[in-house]
Amino acid sequence: GAVVSQHPSRVICKSGTSVKIECRSLDFQATTMFWYRQFPKKSLMLMATSNEGSKATYEQGVEKDKFLINHASLTLSTLTVTSAHPEDSSFYICSARARQGGGNTIYFGEGSWLTVV
Amino acid sequence: AQSVTQPDIHITVSEGASLELRCNYSYGATPYLFWYVQSPGQGLQLLLKYFSGDTLVQGIKGFEAEFKRSQSSFNLRKPSVHWSDAAEYFCAVGARNSGNTPLVFGKGTRLSVIA
């Protein structure tokens, strides 16, 4: 099946710094990518939807200036957590929708654990 | 608005026993339906999906699910559970001709397997 790769899988950063998480579709082109945040023992919370070459659409309550999303190509989207704080510590997962064929299947990355100290 | 309900937060089954995880959805039209599995600390892996056609769908790892339109359900089943099946399971619904529409997830069902 299609593969979505996320990097880094784990990152620890100091409070006040920024951290970038990459999401790549390895063997297909993804016109749309989605970023989710998952709190411990909770379901996935959609943060934003990004389309290649355009600005991301953020869900209500998600600060777009804090969570910067860039979808620069059909295979890469990045999430940058700016001025990170301990409450931003979470599990972030990206997903990508294949551009061609396959109906409406969405594939997920492995997730990235962010710990802000 | 579409929604997904997974009534069971946590299920415990014995290894070798059969399993059924419930999923009900609310959607204005015929949706696309998915089941994903998440092991602790990992991303989501697609188990199976329903788009159209045969309402009984076979997936990986011996799982199957049946779409029942009259009940708005898409329950996941496995005839004999293995200890490695212990994980979190998410049911999701997506729109046809979706464009930018993301999947809507249920809250998940945690499966524990005992010897």
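Up top you'll find the structure we're talking about.
These numbers were taken from a predicted model, which means no experiment stands behind them.

Enquirer: Just to check I follow, could you spell out the state of the cysteines for this structure?
Expert: Structurally, a disulfide amounts to a covalent bond that connects the sulfur atoms of two cysteines. Considering all chains together, one arrives at 2 disulfides over all chains under this definition. One disulfide bridge connects Cys23 of chain A with Cys94 of chain A, the sulfur atoms lying 2.0 Å from each other. Across the S-S bond of Cys23 of chain A and Cys94 of chain A the torsion is about 80°, and the bridge reads as right-handed. Note that Cys23 of chain A is positioned in strand β3 (residues 19-25) and Cys94 of chain A in strand β9 (residues 90-98), a separation of 71 residues in sequence. Classification of Cys94 of chain A as buried rests on a relative accessible area of 0%. The disulfide partner of Cys23 of chain B is Cys91 of chain B, and the gap between their sulfur atoms is 1.9 Å.

Enquirer: Explanation requested: the packing of aromatic side chains in the structure shown.
Expert: Think of a pair of aromatic rings as described by two things: how far the centres are apart, and how the planes are tilted against each other in angle. Residues and elements named next belong to chain B. For the structure on display, the rule yields 16 aromatic pairs over all chains. Seen in terms of ring centroids, Phe34 and Phe51 are 6.0 Å apart; in terms of plane orientation they differ by 75°. Their pairing is edge-to-face. Of this pair, Phe34 sits in strand β5 (residues 32-38) while Phe51 is found in the loop between β6 (44-50) and β7 (56-58), placing the two residues 17 residues apart along the sequence. Since its relative accessible area comes to 0%, Phe34 is described here as buried.

Enquirer: Please explain the interface of chain A and chain B as it appears in this structure.
Expert: Many authors give the size of an interface as the accessible area that is lost as the parts come together. Facing 24 residues of chain A, the contacting portion of chain B comprises 23 residues. A combined buried area of about 1600 Å² lies between chain A and chain B, and 55% of that area is made up of carbon and sulfur atoms. For the interface between chain A and chain B, the tally reads 3 residue pairs in polar contact (both at pLDDT 80 or more). Listed by contribution, the elements that provide at least two residues to the side of chain A that touches chain B are β4 (30-38), β5 (44-51), β9 and β10 (106-108) of chain A. Considering only residue class, the side of chain A that touches chain B consists of 10 nonpolar, 11 polar and 3 charged.

The rules behind these values
Residues numbered from 1 in each chain as written. Chains lettered and ligands numbered in written order. Predicted model: local features only at pLDDT ≥ 70, side-chain atom pairs only at ≥ 80, totals over all residues. Heavy atoms only, no water. Disulfide = S-S within 2.5 Å. Helix = DSSP H or I, 4+ residues; strand = E, 2+ residues; numbered from the N terminus. Buried < 20%, exposed > 50% of the residue type's maximum accessible area, 1.4 Å probe, protein only. Phe/Tyr/Trp six-rings, centres within 6.5 Å; stacked < 30°, edge-to-face > 60°. Contact = heavy atoms within 4.5 Å. Buried area = accessible area lost by both parts, 1.4 Å probe. Polar contact = N/O pair within 3.5 Å; in protein donor to acceptor, adjacent residues only side chain to side chain. Nonpolar A, V, L, I, M, F, W, Y, C, P; charged D, E, K, R; others polar.

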